[in-house]
Amino acid sequence: MTDLEINALKIENQLCFPLYVASKEVINKYNPLLKSVGLTYTQYITMLALWEYACLPVKQLGDILDLDSGTITPVVKKLEEKGYVTRIREHVDERNVSVSLTKEGLALREKLKNVPFEIAKCMNLTAEEAQTLYNLLHKVIGK
């Protein structure tokens, strides 16, 4: 192996590694804020999408969150058990299911309205740096 190849395989030279660690760190910052209402991070982002759209087909919800059906289905079931959403089967094709907010699910938004501001406080970034990072990450994921 050449020195270039050896250096290319060092963990410190991998773009994926700091992205992975940063992702874990950011999600870990959400956990204490969500614990009070019994939500996981994945349940929280699901609620964010539903607060924005109110009712979505499961497939579209998964697309918005970039989650496959094997992940989104159990998340929706847990949210339904908590009383935050209901699942509605289409009459035309019962395989198609939509997810809708309940009154309790909508009320949860009020309880969690400060989460984005609390997260912003614990990021070691200026507003400009946060916007730059946001833009770069969307460039990386192609959105």
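Residues numbered from 1 in each chain as written. Predicted model: local features only at pLDDT ≥ 70, side-chain atom pairs only at ≥ 80, totals over all residues. Heavy atoms only, no water.

1. A word on the packing of aromatic side chains
Piece 1. Taken as a whole and assessed by the stated rule, the structure comprises four aromatic pairs.
Piece 2. Judged by centre distance (6.4 Å) and plane angle (40°), the ring pair of Phe17 and Tyr20 falls under tilted. Residue Phe17 and its partner Tyr20 are both found in helix α2 (residues 16-35); the two are separated by three residues, about one turn of the helix.
Piece 3. Judged by relative accessible area, Phe17 falls into the partly exposed class, the value being 36%.
Piece 4. Aromatic side chains Tyr30 and Tyr41 sit 5.1 Å apart centroid to centroid with 65° between the ring planes, which places their arrangement in the edge-to-face category. Here the residue Tyr30 occupies a position in helix α2, and Tyr41 occupies one in helix α3 (residues 41-53), the gap between them amounting to 11 residues.
Piece 5. Given the relative accessible area of 23%, Tyr41 is considered partly exposed.
Piece 6. Counting every residue linked through ring pairs, the aromatic cluster contains Tyr30, Tyr41, Tyr44 and Trp51. (Phe/Tyr/Trp six-rings, centres within 6.5 Å; stacked < 30°, edge-to-face > 60°. Helix = DSSP H or I, 4+ residues; strand = E, 2+ residues; numbered from the N terminus. Buried < 20%, exposed > 50% of the residue type's maximum accessible area, 1.4 Å probe, protein only.)

2. Quick notes on the sheet that holds strand β1 (residues 55-57)
Piece 1. Taken in spatial order, the three strands line up as β1-β3-β2 in an open sheet, and their pairing is antiparallel. A strand with exactly one partner marks an edge of an open sheet, and here the two such strands are β1 and β2 (85-89). Within this sheet the neighbouring strands show an average axis-to-axis angle of 25°, counted without direction.
Piece 2. Sheet topology note: the β2/strand β3 (residues 97-101) ladder contains five bridges and is antiparallel. (Pairing = 2+ DSSP bridges. Axes fitted to C-alpha atoms, helices over the stretch in contact; angles between N-to-C directions.)

Fair warning: the whole summary comes from geometry, so function is off the table for now.
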